[in-house]
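If you want the building blocks of each chain, they are given just below.
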There are 2 protein chains.
Amino acid sequence: MLRLLLPVSLAISVSVAHAQTSPDDSVTLRKLANEVLTHSTAYANLKVLTKTIGGRLAGSPQMPRAEQWGLKALKAAGADTVYLQECMVPHWVRGEQEEVRIISKRRDFVPPLQVLALGNSVASDSSGVTAPVLEVGSFDELEARKKEVKGKIVFYNYHFNPTFIKTFHAYGDAVRYRVNGASRAAKYGALAVIVRSMSHGANNFPHTGAMRYDEAYPKIPAVAIGLEDADRLSDRLKDDKDMQIYLHTSPKFLPDTIGHNVIAELRGTEHPEEVITVGGHLDSWDVNEGAHDDGTGCVQSIEIIRAFKALGIRPKRTIRIVLFANEENGTRGARKYAEAAKAAANERHIFALESDAGGFTPRGFALSMPAEKRAKILSWKPLFKPYGLCDFDEVGGGTDVGELNEALGTPMGELSPDSQRYFDLHHAANDVFEAVNKREMELGAVGMAGLVYLIDKYGL
Amino acid sequence: MLRLLLPVSLAISVSVAHAQTSPDDSVTLRKLANEVLTHSTAYANLKVLTKTIGGRLAGSPQMPRAEQWGLKALKAAGADTVYLQECMVPHWVRGEQEEVRIISKRRDFVPPLQVLALGNSVASDSSGVTAPVLEVGSFDELEARKKEVKGKIVFYNYHFNPTFIKTFHAYGDAVRYRVNGASRAAKYGALAVIVRSMSHGANNFPHTGAMRYDEAYPKIPAVAIGLEDADRLSDRLKDDKDMQIYLHTSPKFLPDTIGHNVIAELRGTEHPEEVITVGGHLDSWDVNEGAHDDGTGCVQSIEIIRAFKALGIRPKRTIRIVLFANEENGTRGARKYAEAAKAAANERHIFALESDAGGFTPRGFALSMPAEKRAKILSWKPLFKPYGLCDFDEVGGGTDVGELNEALGTPMGELSPDSQRYFDLHHAANDVFEAVNKREMELGAVGMAGLVYLIDKYGL
């Protein structure tokens, strides 16, 4: 998720040399925009996915329902072929217990802290853990105070850096505390960890997300805490030196189970063997409706097929929509897709596009590919300007298409929406349908459809 | 509010010729951004304005409280001088009655329609108006059916055009029905008008806003109706041919009263006579908290002073913040300011900047000025790119600074935020503090501070 900026001058200098468009292209992109902004079914599709199915973590009872939803929506959009691609997925469940309380001699009333167990984390003892708290602002501070860690609950209070303009950079900077914090603290004898949520939102929602254990150390419970509670806890620790925390969580892994990528195609008329993959991930965390993460990516991808069919655009290459099975805690769907693509001797994967950064107003695309292919896409920038997409400088691609890129070297890209609101709701209970603006999401689909159209027409 | 796009090529071709920056500029803009994103008081200021004062139409009891808030906030930001500039403002009040119901022989239960009387509109008879409804989709249809108008309530059901990418263009296209619809219908004997709200929001909030009467025709009541109610009313009219509407509103004008522009300065150290005006409008409609319209423009403007002071930036020219008294239904504050500026022999107004298009992520600036001055600003575009401002193509300026532009030919500009969400809440009850994202608004202040800094440094 950590993307790097290329110097602006590089992007501009190469763009001029490779210009390749025809006047028809701006007309077609305008038709695609009008079609999506007038007749899109993406918002209605999203409402069904979020409101009637809801959270859909891999292995959950919602997952197969979401797969059936995907098949139906892709058929309705007019795909030539629609099918499921089986894969094994992890099956982590949160369990019933999730409680963190301050225990103090003061006996004042302190409401329980709002927390969420981190994804993939283990349960506490069945009676919970009660221990003093060591607050640290960073791993550096943890190392400096390692002798104080034993027998404590470590509280990572590392803040999102507000000076990163693109919030994904703040996330990239901070997320190591969520991912690695437990094992880093367990190494020195910590009993559990509490992590300040990966957010700068002006609210108290805790934000879950995947963590990983280092097998060298004991696996200890790990929870995320909301920002207001994190500030309150930090304040309290300053003057209530004897306070302890009671922490009780109950997540566990069940055996791996069967999940599916949901796949649909518009078959290419001239080069059917050349595949353009476009997708989002169907799974979400269990605590919300998975609206921006990543319901919007799914319905935007589906919308490309609908808009092409509505306008009678028959692609030369095969456009394949993939709703990936398991991005949040395993990437198993993407790995399966990449394996199958590698094994398919008759397929040539020329490009893969993902939308997994929220359904907000699109600002451009992040791209990962050799310079001459990047230059080709940059030559199309003027075609996207009327739709507000002007940022093509970032190097990146989504987690799911990243597997294809790694397996086959497939050039990849990701829609770059405005990122300011994403971490207000990412992996938190407020990532719901109502947080999605219809037009913002539709404009993302417009950008994606335009890029897919141009790559189909001119190759890459 | 209707802005026009200049051809992209024009904007690009002139920008290269006039490049004028120093490496220090990008450093200073970065410092301004870091300062605003880390220490801004804009969001806290906005909370006080919206939550403790609320809606503040000119003439309302909230207006003087808002003026005092403005004085206090500007002083706290560190302005050299803070003062009130008196002006007469209109005093329109909504009154107690605001009811629109369907009257049908069917006797089924139909809840009252959600409506708001349009700003400046007159009251119905004290017993209300009951009449059949003539729905028209446009003024063309009204003209074609003018013989059917007499004795009816005309329902303008003109939709926002979703294919305009920038929603202000859809507003510019549709707003004539709100502004002129009543008199156009009264000309043919209509008793009242109902106008589909100026919105494409997926909700039912009615959106008020200013209307004007043509003195040649009777003044008739005028209300805005929410989008869902507009669709329901349209559906009902298709098969309940005998239905009528009961409409009862009670607004009126009280005598003009005294209001104030709230003004503050950072006095220029080298050319104090050269004035850069920056502002938003302090008034709002009465039915909401005036958060995006235009609390955010006010607090962003105030933030420029705070950030300059915090960084020790002493401007060469005079930076004058103006919170205008009466944008929504009269522009009297702006006219007073322009008159005073014209009369001040010792002032030279080199630029005026407004933020009145919502506190959303900034995309660039709309500009109105001679080509060589525009070219100078365009040469600074690379400095704004790291903050996501890349759209400098629109011709425009805010309503308030427009008066200065008209009186003195002052070059002007307006912050161009992302416009997708603005007409979900513009002039409606949901324009509240909670609809503002802290970082999005702060980034707007960053862009404004950067532009003011550069114009102060290099002149215009």
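Residues numbered from 1 in each chain as written. Chains lettered and ligands numbered in written order. Predicted model: local features only at pLDDT ≥ 70, side-chain atom pairs only at ≥ 80, totals over all residues. Heavy atoms only, no water.

Caption draft 1: Expanded view of the overall build of chain A. Along the backbone of chain A there are 15 helices and 16 strands. The C-alpha radius of gyration computed for chain A amounts to 23 Å, which stays within 12% of the reference 23 Å derived for 460 residues, consistent with globular compactness. Along the first, second and third principal axes, the C-alpha atoms of chain A reach 75 × 45 × 40 Å. Across the 460 residues that make up chain A, the buried fraction comes to 63%. Restricting to contacts in chain A with at least 6 residues of sequence separation, those with at least 24 account for 84%. Surface summary for chain A: the accessible area is close to 16800 Å², and the carbon and sulfur share equals 53%. Charge centroids of chain A, computed over 54 positive and 58 negative side chains, lie 1 Å from each other. (Helix = DSSP H or I, 4+ residues; strand = E, 2+ residues; numbered from the N terminus. Rg over C-alpha atoms; globule rule 2.2 N^0.38 Å. Buried < 20%, exposed > 50% of the residue type's maximum accessible area, 1.4 Å probe, protein only. Contact = heavy atoms within 4.5 Å. Areas by Shrake-Rupley, 256 points an atom, 1.4 Å probe, with all protein chains shown as cover. Lys, Arg positive; Asp, Glu negative; His and termini not counted. Charge placed at Lys NZ, Arg CZ, Asp CG, Glu CD.)

Caption draft 2: View of the interface of chain B and chain A. In this complex, chain B contributes 30 residues to the contact, which on the side of chain A involves 30 residues. Carbon and sulfur atoms supply 51% of the area that chain B and chain A bury against each other, a total of about 2600 Å² over both sides. The three residues of chain B that bury the most area against chain A are B:Ile165, B:Lys385 and B:Arg439, which together make up 25% of that side's buried surface. The interface formed by chain B and chain A includes 4 salt bridges. Put simply, B:Lys385 and A:Asp393 hold a salt bridge, and the shortest N to O gap is 2.4 Å. Counting the contacts that link chain B with chain A gives 20 residue pairs in polar contact (both at pLDDT 80 or more). Going through the elements one at a time, α2 (23-39), β14 (362-368) and α14 (438-458) of chain B are the ones with two or more residues in the side of chain B that touches chain A. Of the residues forming the side of chain B that touches chain A, the biggest block, 4 residues, is contributed by α2(B). (Buried area = accessible area lost by both parts, 1.4 Å probe. Salt bridge = Lys/Arg side-chain N within 4 Å of Asp/Glu carboxyl O. Polar contact = N/O pair within 3.5 Å; in protein donor to acceptor, adjacent residues only side chain to side chain.)

Caption draft 3: Seen up close, unusual backbone geometry. Here A:Asp293 and A:Asp294 are connected by a cis peptide whose omega angle stands at 5°. Assignment of secondary structure puts A:Asp294 in helix α9 (residues 291-310). For B:Asn120, which is not a glycine, the phi torsion comes out positive at approximately 85°. Along the chain, the position of B:Asn120 falls in the loop between β4 (115-117) and β5 (129-136). One non-glycine residue, B:Thr331, lies in the positive phi region at around 55°. Locating B:Thr331 in the fold gives a position in the loop between β12 (317-324) and α9 (332-343). Judged by its relative accessible area of 12%, B:Thr331 falls in the buried class.

Caption draft 4: Representation of the sheet that holds strand β9 (residues 244-249) of chain A. Residue and element names in this part refer to chain A. In space, the 7 strands of this open sheet follow the order β3-β9-β5-β6-β7-β8-β4, with mixed pairing throughout. Across the chains shown, the open sheet's two edge strands, defined by having one partner strand only, are β3 (98-103) and β4 (115-117). Ignoring which end each strand starts from, the neighbouring axes of this sheet average 30° apart. Here strand β5 (residues 129-136) pairs with β9 via 4 bridges, running antiparallel. Bridging across to β9, threonine 130 finds its partner in tyrosine 246. (Pairing = 2+ DSSP bridges. Axes fitted to C-alpha atoms, helices over the stretch in contact; angles between N-to-C directions.)

Caption draft 5: Layout of the pairing of strand β10 (residues 252-266) of chain A. All names here are of chain A. Where strand β2 (residues 81-93) lies against β10, 12 bridges are found, and the strand directions are antiparallel. From the neighbouring strand, cysteine 87 faces β10, where its bridge partner is glycine 259. The pairing of β10 with strand β12 (residues 317-324) spans 5 bridges and is classified as antiparallel. What sits directly across from valine 262, in β12, is leucine 323.

Caption draft 6: Seen up close, the sheet that holds strand β6 (residues 153-156) of chain B. Residues and elements named next belong to chain B. Strands sit in the order β3-β9-β5-β6-β7-β8-β4 across an open sheet of 7 strands; the sheet is mixed. Sheet topology places β3 (98-103) and β4 at the edges, where each strand pairs with a single neighbour. Here the strands of the sheet are splayed against their neighbours by 30° on average, with no regard to which way each runs. Across 4 bridges, β6 lies against strand β7 (residues 192-196) in parallel orientation. Across the sheet, valine 154 pairs through a bridge with valine 193, a residue of β7.

Caption draft 7: Seen up close, the relation of the copies chain B and chain A. Between chain B and chain A, which share one sequence, the superposing operator has a rotation angle of 180° and an axial displacement of 0.0 Å; the RMSD is 0.0 Å. The operation mapping one copy onto its partner corresponds to a two-fold rotation axis. Distance from the rotation axis, computed per C-alpha, reaches its smallest value in chain B at B:Cys390: 3.7 Å. The overlap is high: 100% of the interface residues of chain B also sit at the interface in chain A, so the same surface is used on both sides. (Least-squares fit on C-alpha atoms with pLDDT ≥ 70 in both.)

Caption draft 8: Summary view of helix α10 (residues 332-343) of chain A. Residue and element names in this part refer to chain A. With 12 residues, α10 extends 16 Å between its outermost C-alpha atoms, agreeing within 8% with the 16 Å of an ideal straight helix rising 1.5 Å per residue. Along α10, the positions that sit buried rather than exposed are Gly333, Ala334, Tyr337, Ala338 and Ala341. Mapping the buried residues of α10 onto a view down its axis gives an arc of 130°, with all of them on the same face. Exposed residues lying more than 90 degrees from the buried face of α10 are Glu339, Lys342 and Ala343. Next to the buried residues of α10 lie β2, β10, β11 (271-281), β12, β13 (348-354) and α13 (399-408). (Expected span 1.5 Å × (residues − 1). Arc of directions from axis to C-beta.)

Caption draft 9: Spatial organisation of the pattern of salt bridges. Residue and element names in this part refer to chain A. Summed over all chains, the structure comprises 64 salt bridges over all chains. Among the salt bridges present, the one from lysine 166 reaches glutamate 394, with a minimum N-O distance of 2.8 Å. Here lysine 166, found in the loop between β6 (153-156) and α6 (167-174), pairs with glutamate 394, found in strand β15 (residues 394-395); they are 228 residues apart in sequence, far enough to count as distant. Owing to a relative accessible area of 23%, lysine 166 belongs among the partly exposed residues under this scheme. Each of Arg106, Asp108, Arg236, Asp239 and Asp240 takes part in one network of salt bridges that share partners.

Caption draft 10: Representation of the packing of aromatic side chains. This model, assessed by the stated rule, comprises 34 aromatic pairs over all chains. Between the aromatic rings of A:Tyr422 and A:Phe423, the centroid separation amounts to 5.1 Å while the plane-to-plane angle is 75°, which identifies the pairing as edge-to-face. For the residue pair A:Tyr422 and A:Phe423, the accessibility class agrees, reading buried in each case. Each ring, one from B:Phe360 and one from B:Tyr422, has its centre 6.2 Å from the other, and the planes form 80°; the classification is edge-to-face. One end of the pair, B:Phe360, is in the loop between β13 (348-354) and β14; the other, B:Tyr422, is in helix α13 (residues 422-425), and 62 residues separate them in sequence. Take B:Phe360: its relative accessible area is 1%, and that puts it in the buried class. For B:Tyr422, a relative accessible area of 0% gives the class buried. Taken together, A:Phe160, A:Phe168, A:Tyr171, A:Phe360, A:Tyr422 and A:Phe423 form an aromatic cluster joined through their ring pairs. Directly above the aromatic system of A:Tyr158 lies the positively charged group of A:Arg176, at a separation of 5.3 Å from the ring centroid. (Phe/Tyr/Trp six-rings, centres within 6.5 Å; stacked < 30°, edge-to-face > 60°. Lys NZ or Arg CZ within 6 Å of the ring centre and 35° of its normal.)

Caption draft 11: Local environment of the confidence of the model for chain A. Residues and elements named next belong to chain A. Residues of chain A with pLDDT of at least 70 account for 96%, and the chain-wide mean is 95. Confidence drops under pLDDT 50 across residues 1-18; counting only partners more than four residues distant or on other chains, this segment forms 31 contacts. Across the interfaces of the predicted complex, the ipTM metric reaches 0.94, alongside a pTM of 0.94. (pLDDT = per-residue confidence, 0-100.)

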